[in-house]
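Each chain is listed here by its residues.
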Amino acid sequence: MRTELQSLEGQKSRFVAIFERYGTYRARGIAGRSILLRNLKTVKGRLLADHIWINYTAGFDAIGEFVRGDVVQFTASVRSYSKGYFGQRIEDRFAHKPGLDYRLTFPRNVVKLAGQPGQKTMHSVGER
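Everything quoted here is computed from the prediction, not taken from an experiment.

So, how was this worked out
Residues numbered from 1 in each chain as written. Predicted model: local features only at pLDDT ≥ 70, side-chain atom pairs only at ≥ 80, totals over all residues. Heavy atoms only, no water. Phe/Tyr/Trp six-rings, centres within 6.5 Å; stacked < 30°, edge-to-face > 60°. Lys NZ or Arg CZ within 6 Å of the ring centre and 35° of its normal. Salt bridge = Lys/Arg side-chain N within 4 Å of Asp/Glu carboxyl O. Helix = DSSP H or I, 4+ residues; strand = E, 2+ residues; numbered from the N terminus. Buried < 20%, exposed > 50% of the residue type's maximum accessible area, 1.4 Å probe, protein only.

**So, the packing of aromatic side chains**
In the structure shown here, the tally under the stated rule is 6 aromatic pairs. What links up through ring pairs into an aromatic cluster is the set Phe15, Phe19, Tyr22, Tyr56, Phe60, Phe66 and Phe74. Above the plane of the ring of Tyr22 lies Arg33, whose end atom (NZ or CZ) is 4.0 Å from the centre. It is Arg33 that lies over the ring of Tyr56; its NZ or CZ is 4.6 Å from the centre.

**As for the pattern of salt bridges**
Counted under the stated rule, the structure contains 5 salt bridges. The partner of Glu4 in a salt bridge is Arg46, and the shortest N-O contact between them spans 3.3 Å. Taken together, the residues Glu4 in helix 1 (residues 3-6) and Arg46 in the loop between strand 2 (30-42) and strand 3 (47-55) connect sequence positions 42 residues apart. On the basis of relative accessible area, Glu4 is assigned to the partly exposed category, the value being 34%. Its salt-bridge partner being Lys112, residue Asp70 comes within 3.7 Å of it at the nearest N-O pair. One end of the pair, Asp70, is in the loop between helix 2 (58-63) and strand 4 (71-83); the other, Lys112, is in strand 5 (residues 99-113), with 42 residues separating them in the sequence. The class for Asp70 is buried, based on a relative accessible area of 15%. On the basis of relative accessibility, which here comes to 7%, the residue Lys112 falls in the buried class. Among the charged side chains, a network of salt bridges with common partners joins Glu20, Arg38 and Arg68.

Below is the structure:
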């Protein structure tokens, strides 16, 4: 569980993370694209999670392709969700126990940073 995100639940915050790779998911018959980020931190540098998957949204698409190691800054909301296996197979219920975890939703104001956080060198989309 991402306990460091728990204190930010329901809030919109600014985050910095390192792009790892693209992924895909299928939920309720709909396929989508996602992004794996590692070392998720606040803009002040507090480590929140070693990794997190988020949806690939228009804000990321407008920046262009990311490569492993790109530093990304964005705004997102923190929400809780139930995870685990909820089906009929008992052995799978023990292997994937239900629990509560935290995710980032509605990523906006995406900025690709180079090298160190704070050095804007690429594109900035949606900032006000």
